[in-house]
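# Observations on the model geometry
Read off the chains here:
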Amino acid sequence: SSSNSTTWCKLAYWEMGQRVGPLYPVEHPAVNVFGQVPYGDGLSLETLARHSFSPPDSVTRTRDKIGLGVTISHEGDLVWIYNRSDCPIFVNSLSLEEHEPSSPTRVPADYCLCIFDPIRAAHNNNDWTFRRTQNFGPIDRNSIRLSFVKGWGPSYSRQEITSCPCWLEILLSPCR
């Protein structure tokens, strides 16, 4: 790899509708995002949250369940997620939206999933713009949203991801 580093994504951590901490730029091919892990390598949500407002109990309880969290990796044009925690995660991206644009995909503990594939994203984006409704707000093609432990959407009590206690936005750098 060349000496000048390239950021392939930035991570934004949210608790409910509140951004917590600064954007976290990622240059390595893989990054870990975790809760309470001693000497963990990557983005520690526990550390970020120390600088934050005091969240409701539901947020703290959910954050305590994240544990080893996830590994997000970049391989070629694809982005993969590996759920290392003991709880499911829920992911929403243009590559996964076959049917319901507002429904996230549930990824059980110890499972891996390709969360971004530019070819599928482009295909779904065409369908999407065609039948997009106002309710879902702006959709950023280069953004992937991931909620820890709690799902959202039509089949959950939380309709919006901003009602989820702990979630992550993966902002992919536009294709170079």
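- Taking an unreviewed UniProt entry as the reference, the protein is identified by name as MH2 domain-containing protein belonging to Cryptolaemus montrouzieri.

### Some points on the packing of aromatic side chains
- According to the stated counting rule, one finds two aromatic pairs in the structure shown.
- Aromatic pair W14 and W167: ring centres 4.9 Å apart, planes at 10°, arrangement stacked. Highlighted residues: W14 in strand β1 (residues 9-15) and W167 in strand β11 (residues 167-172), separated in sequence by 153 residues. Assigned by exposure class, W14 and W167 land together as buried.
- Their ring planes at 80° and their centres at 5.5 Å tell us that F90 and Y156 sit as a pair that is edge-to-face.

### A look at the side chain of N32
- By the secondary structure assignment, N32 is in strand β3 (residues 30-34).
- In terms of polar contacts, N32 uses its side chain to reach the side chain of R84, at 3.3 Å.
- If sequence neighbours within four positions are ignored, N32 has contacts with D41, G42, L43, V70, T71 and R84.

### Remarks on the sheet that holds β1
- The strand order β2-β1-β11-β10-β7-β8 describes an open sheet built from six strands, whose pairing is antiparallel. In the strand order of this sheet, the two ends are held by β2 (18-26) and β8 (105-107), each with one partner. The mean angle between the axes of side-by-side strands here comes to 20°, regardless of whether they run parallel or antiparallel.
- Bridge count between β1 and β11: six bridges; the pairing is antiparallel. The partner of L11 across the bridge, within β11, is I170.

### Comments concerning the sheet that holds strand β4 (residues 43-44)
- The strand order β4-β3-β5-β6-β9 describes an open sheet built from five strands, whose pairing is mixed. Each edge of the sheet is formed by a strand with only one pairing partner; in this case those strands are β4 and β9 (112-116).
- For strand β5 (residues 70-75) and strand β6 (residues 78-83), the ladder comprises six bridges, and the chain directions are antiparallel. Its bridge partner lying in β6, E75 is registered against L78.

### What to know about the pairing of β5
- Where β3 lies against β5, four bridges are found, and the strand directions are antiparallel. Along β5, the bridge assignment pairs V33 with V70.
- Taking the residues between adjacent antiparallel strands as the criterion, β5 and β6 are bridged by two residues, where G76 takes a positive phi near 65°.

### A closer look at the pairing of β11
- Burial analysis of β11 places five of its six residues in the buried class, which makes it a mostly covered element.
- Where strand β10 (residues 143-148) lies against β11, five bridges are found, and the strand directions are antiparallel. Across the sheet, residue R145 finds its bridge partner in β11, namely E169.

### Here's the deal with the confidence of the model for the protein
- Mean pLDDT over the protein: 84, with 81% of residues reaching 70 or higher.
- Per-element mean pLDDT across the protein ranges from 70 in helix α3 (residues 118-130) up to 97 in β3.
- In the model, residues 130-138 has pLDDT below 50 throughout and makes ten contacts with residues more than four positions away in sequence or in other chains.

### Points about the nonpolar core
- In terms of nonpolar packing, the biggest core is built from 34 residues, with L11, V33, I72, L146, F148 and I170 touching the most fellow members.
- Discounting chain neighbours no more than four positions away, the residues touching L146 are V70, I81, I89, F90, V91, I161, C166, W167, L168 and I170.
- Core analysis: the next-biggest nonpolar cluster, separate from the first, contains seven residues, A12, F90, I161 and W167 among them.

The rules behind these values
- Residues numbered from 1 in each chain as written.
- Predicted model: local features only at pLDDT ≥ 70, side-chain atom pairs only at ≥ 80, totals over all residues.
- Heavy atoms only, no water.
- Phe/Tyr/Trp six-rings, centres within 6.5 Å; stacked < 30°, edge-to-face > 60°.
- Helix = DSSP H or I, 4+ residues; strand = E, 2+ residues; numbered from the N terminus.
- Buried < 20%, exposed > 50% of the residue type's maximum accessible area, 1.4 Å probe, protein only.
- Polar contact = N/O pair within 3.5 Å; in protein donor to acceptor, adjacent residues only side chain to side chain.
- Contact = heavy atoms within 4.5 Å.
- Pairing = 2+ DSSP bridges.
- Axes fitted to C-alpha atoms, helices over the stretch in contact; angles between N-to-C directions.
- pLDDT = per-residue confidence, 0-100.
- Core = buried A, V, L, I, M, F, W, Y, C linked by side-chain atoms within 4.5 Å.

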